[in-house]
Amino acid sequence: MDFINEFIDQRQKSWCIYCSKHLSDVAEVNFDHVPSRAFLVKPYPSNLPQIEVCQACNESFSKDEEYFSAFLSCVLSGSTSPEGQSNNRAKRILERSPKLRARIENSKRINKLGNDIQIVWQPEEERISNIVIKNARGHAYYEFGEPMLNPPVCVPR
């Protein structure tokens, strides 16, 4: 994978942007993709930005990224049926995890307005917010070299 040249102060790259631990103090480090690959389709861009973070933090986002990806696909398709998904990743997630599928299905509300039927989805806001903040931090760090370690003032809904 080709890397895009970074023009940031190398001293800013000494800690994990998610937990603020010094990377030299953690057991293992790896690379986080910005944006998350959960929102991209293969083949991925050859120059997909990556940032070095601690492996524990990177892995801690996996379940929320799966949820977010599957949830978005369900909203777009109007269904939690794996067969109804155009996103192959979401299809596999829903096939593999009946509990997650049920959670997403339970977030669906059907409103009847006269002869019209409207589907309203209520996401698990904490999981969505977690991934929105993760990606925002990753982009800010990658683009500007500024680790945003403090919690955001707000996350728009």
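Before any of the text, the structure's been laid out above.
Described below are features of the structure shown in this document. Only a predicted model underlies this, so the values are computations on that prediction, with no experimental measurement involved. (Residues numbered from 1 in each chain as written. Predicted model: local features only at pLDDT ≥ 70, side-chain atom pairs only at ≥ 80, totals over all residues. Heavy atoms only, no water.)

So, the environment of Ser 86
Logical step 1: With respect to the helices, strands and loops of the structure, Ser 86 is situated in the loop between α2 (62-77) and α3 (88-96).
Logical step 2: On the basis of relative accessibility, which here comes to 75%, the residue Ser 86 falls in the exposed class.
Logical step 3: The sequence separation of Ser 86 and Cys 74 amounts to twelve residues, and the corresponding C-alpha distance is 9.4 Å. (Helix = DSSP H or I, 4+ residues; strand = E, 2+ residues; numbered from the N terminus. Buried < 20%, exposed > 50% of the residue type's maximum accessible area, 1.4 Å probe, protein only.)

Some points on the pairing of strand β2 (residues 50-54)
Logical step 1: Counting buried positions over the five residues of β2 gives four, a clear majority of the element.
Logical step 2: Bridge analysis of strand β1 (residues 29-33) against β2 gives five bridges, and the strand direction is antiparallel. Its bridge partner being in β2, Val 29 is matched across the sheet by Cys 54. (Pairing = 2+ DSSP bridges.)

Quick word on the packing of aromatic side chains
Logical step 1: The tally for this structure, following the rule as stated, stands at four aromatic pairs.
Logical step 2: A ring pair is formed by Tyr 18 and Phe 61, whose centres lie 5.0 Å apart and whose planes are at 70°; its orientation type is edge-to-face. Of this pair, Tyr 18 sits in the segment before β1 while Phe 61 sits in the loop between α1 (55-60) and α2, placing them 43 residues apart in sequence. The exposure classification of Tyr 18 matches that of Phe 61, with both residues buried.
Logical step 3: Ring geometry for Phe 71 and Trp 121: centres 6.1 Å apart, planes at 85°, overall edge-to-face. On the criterion of sequence distance, the pair formed by Phe 71 in helix α2 and Trp 121 in strand β4 (residues 116-121) is long-range, its members being 50 residues apart.
Logical step 4: A residue is classified by how much of its surface remains accessible, and Phe 71, at 6% relative accessible area, is buried.
Logical step 5: Trp 121 gets classed as buried once you look at its relative accessible area, which sits at 13%.
Logical step 6: Three or more aromatic residues joined by ring pairs make a cluster, and in this case those are Tyr 67, Phe 71 and Trp 121.
Logical step 7: Taking NZ or CZ as reference, Lys 134 lies 5.6 Å from the ring centre of Phe 61, over its face. (Phe/Tyr/Trp six-rings, centres within 6.5 Å; stacked < 30°, edge-to-face > 60°. Lys NZ or Arg CZ within 6 Å of the ring centre and 35° of its normal.)

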